[in-house]
Amino acid sequence: MPENSGENTLTRGQVMDGDDMQALHGIFNDFVKEYIDKPEKQTDEEWLRNRLLTELPELSPDFAARQSREAIEAIQVYDKNLADLLQGRRQGKTFTEWFTAQVRKSSAGKKNSEVAARLTILYSSVEETAVPVQEEAAQNQTLPSPEESLEWTDAELSQLAKMTGRQLVQAGARSVVQFTEYDPEYETEKSVKIEEAVALALTTGRDTGLKAAAAGALAVAAKRQVIQVVHEEVPVAAYANIACMSVENAKTAVQVADHKITEAEAGGRMIANFLTAATSTVCETAGAMLGTIAFSEIPFIAPLAGKLGAKLGKQVAKAAGPQIEAKVRKANGPIANSVKRMVKKAGDTVVTTKNKVVNKIKVLKSSLEKKLFG
């Protein structure tokens, strides 16, 4: 959130400790409680604007209104993208094929160098959080010059999109495993009203309000440095994508516990939840480059998304009450085992790239990181 941002002194990769988890849960519960009491005729966008102004009075009304509008739009885009991805999967598309198609649509009218730069930063940002699919360059190739690293053919850009998609799938799998891992217990406020509202959203799919509340809670927590994100420029719309992934993961785990889907199906669905959120850093369904995350913010929000989304997903389940939380905990082990098998299989794969893409990534990454971090 760029307005009135202060100095950042934290490092990339940090998220939160136990006390921070408890603080975030309190903020999230407050947002849900306020949403339950929302006037019937008030839109979600109006409600979120008012909550941001109440929680962060230093924001200007215009700024809060714009952030709220973009957050609700991001939730709508996420839901549409996820539905499209799941439909593609049913038709036999791989995750990588879907991601590459989205990049292709979003690249219309854009310079290849611009799209390549965005993909390279995203690719590099999730490398550390993924079990990498080994990408090997063809033999006997020299590194391109910095100038050559800015020149991308359509074929090279397509290859880069595929490589980025593979990395994102692995990062998504890691995020699913993090979702299933046990977190230390912490005290929470008990509210039947909140539990019923969250449980209803998770079991019926009428969850736009829950996603908006989660997005607002993340934005406020980041501003208060409960979430140690280092970069205060991240807009509410970016947190909306993480909030969507968190809610969808909790819904998926409940479906496993209720025997509506298998553990293997749930693992794939949770990877889809992550990939949909990550795709929004690069492209939108309408085929336009998405502005919810600025280029310079990707190195901070991309590695954070999986870890933070996993933690918030567990908090969403906890907020739904002990019955839902117990269902999620019961499903976690089988889901984790399913995804770990998927991770190991992909991690053993070596992909040989028969052009200069791998080497161009190395040079372009170095050049871009100098611009971003000095």
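Procedures and definitions
Residues numbered from 1 in each chain as written. Predicted model: local features only at pLDDT ≥ 70, side-chain atom pairs only at ≥ 80, totals over all residues. Heavy atoms only, no water. Helix = DSSP H or I, 4+ residues; strand = E, 2+ residues; numbered from the N terminus. Buried < 20%, exposed > 50% of the residue type's maximum accessible area, 1.4 Å probe, protein only. Contact = heavy atoms within 4.5 Å. Areas by Shrake-Rupley, 256 points an atom, 1.4 Å probe, with all protein chains shown as cover. Core = buried A, V, L, I, M, F, W, Y, C linked by side-chain atoms within 4.5 Å. Patch = residues over 30% accessible without salt bridge, like charges linked within 9 Å, V, L, I, M, F, W, Y side chains within 5 Å. Salt bridge = Lys/Arg side-chain N within 4 Å of Asp/Glu carboxyl O. Lys, Arg positive; Asp, Glu negative; His and termini not counted. Charge placed at Lys NZ, Arg CZ, Asp CG, Glu CD. pLDDT = per-residue confidence, 0-100. Phe/Tyr/Trp six-rings, centres within 6.5 Å; stacked < 30°, edge-to-face > 60°. Lys NZ or Arg CZ within 6 Å of the ring centre and 35° of its normal. Axes fitted to C-alpha atoms, helices over the stretch in contact; angles between N-to-C directions. Parallel < 35°, antiparallel > 145°, perpendicular 65-115°, else oblique. Left-handed = near helix turned anticlockwise from the far one by under 90°. Nonpolar A, V, L, I, M, F, W, Y, C, P; charged D, E, K, R; others polar. Expected span 1.5 Å × (residues − 1).

> Residue-level account of the overall build of the protein chain, with values.
When helices and strands are counted, the protein chain shows 13 helices and two strands. Per-residue burial for the protein chain yields a buried fraction of 56% across its 374 residues. Contacts spanning at least 24 positions in sequence make up 85% of the contacts within the protein chain whose residues lie at least 6 apart. Carbon and sulfur atoms provide 49% of the accessible area of the protein chain, an area that totals close to 16100 Å².

> Kindly report on the nonpolar core, identifying the contributing residues and their values.
Within the largest apolar cluster, 101 residues are counted, with the highest numbers of intra-cluster contacts made by Val198, Leu202, Leu210, Leu218, Val316 and Ile335. Other than its neighbours up to four places away in sequence, Val316 contacts Phe28, Val198, Leu202, Leu210, Val247 and Ala250.

> Please give an account of a positive patch on the surface that cites residues and values.
Positive charge collects at one region of the surface, where Lys80, Lys93, Arg104, Lys105 and Lys162 lie side by side. With respect to the helices and strands, the residue Lys80 is situated in helix H3 (residues 61–90). Judged by its relative accessible area of 54%, Lys80 is exposed.

> Which residues make up the confidence of the model for the protein chain, and what values go with them?
Residues of the protein chain with pLDDT of at least 70 account for 73%, and the chain-wide mean is 79. Mean pLDDT across the elements of the protein chain ranges from a minimum in strand S2 (residues 350–353), with 51, to a maximum in helix H2 (residues 44–55), with 96. Confidence over residues 4–14 falls short of pLDDT 50; this stretch has 23 contacts with residues more than four positions distant or in other chains. Considering only residues more than four positions removed or in separate chains, one finds that residues 285–292, a stretch of pLDDT under 50, has 22 contacts.

> Account for the packing of aromatic side chains, with residues named and values stated.
Summed over the entire model, instances satisfying the criterion amount to two aromatic pairs. On the numbers, 6.1 Å between centres and 85° between planes, the contact of Phe31 with Trp47 is edge-to-face. With Phe31 in helix H1 (residues 18–36) and Trp47 in helix H2, the pair connects residues that are 16 residues apart, well separated along the chain. Considered together, Phe31 and Trp47 belong to a single accessibility category, that of buried residues. For Trp47, a relative accessible area of 3% corresponds to the buried category. Site record: aromatic cluster; members linked through ring pairs are Phe31, Tyr35 and Trp47. When the ring centre of Phe31 is taken as reference, the NZ or CZ atom of Arg51 above it lies at 6.0 Å. Directly above the aromatic system of Phe95 lies the positively charged group of Arg89, at a separation of 3.9 Å from the ring centroid.

> How would you explain the packing of helix H4 (residues 95–106) against helix H10 (residues 263–279) if you had to name every residue and give the values?
At a minimum axis separation of 11 Å, H4 and H10 run at an interaxial angle of 20°. Comparing the axis directions of H4 and H10 gives the class roughly parallel. As for the relative orientation of H4 and H10, their crossing is right-handed in sense. Two secondary-structure elements touch here, H4 through Phe95, Trp98, Phe99 and Gln102 and H10 through Gly268, Ile271, Ala272, Leu275 and Thr279. Counted by class, the contact of H4 with H10 contains six nonpolar, three polar and no charged residues.

> Please give an account of the packing of H4 against helix H6 (residues 154–180) that cites residues and values.
Axis angle and axis distance: for two packed helices, these are the angle between their axes and the distance between the axes, and together they describe the pair. In contact at an axis separation of 8 Å, H4 and H6 are set at 130° when each is read in the N-to-C sense. Taken together, H4 and H6 sit at an angle that is classed as oblique. As H4 packs across H6, the resulting crossing turns out to be right-handed. Together, Phe95, Thr96, Phe99, Thr100 and Val103 of H4 and Ser158, Ala161, Lys162, Thr164, Gly165, Arg166, Leu168 and Val169 of H6 make up the contact between the two elements.

> Which residues make up the pattern of salt bridges, and what are the values?
Pairing between side chains of opposite charge can happen when their charged atoms approach one another. Scanning all chains against the criterion turns up 14 salt bridges. Across the salt bridge formed by Glu325 and Lys318, the nearest N and O atoms sit 3.5 Å from each other. With a relative accessible area of 16%, Glu325 lands in the buried category. Through salt bridges with shared partners, a single network forms among Asp79, Asp207, Lys211, Glu248, Lys251 and Arg269.

> Explain the side chain of Thr276 to me, using residue names and the numbers behind them.
As for its position among the elements, Thr276 is in helix H10. Residue Thr276 is classed as buried on the basis of its relative accessible area of 0%. Not counting the four nearest positions on each side in its chain, Thr276 is found in contact with Tyr78, Asn81, Leu82 and Leu85.

> I'd love a proper account of helix H8 (residues 208–223), names of residues and values included.
For an α-helix, 3.6 residues make a turn, and residues three or four places apart therefore share a direction. Taking 1.5 Å per residue, 16 residues should reach 22 Å; H8 reaches 23 Å between its end C-alpha atoms and fits that length. Of all 16 residues that make up H8, 15 are buried, and the element is covered over most of its length.

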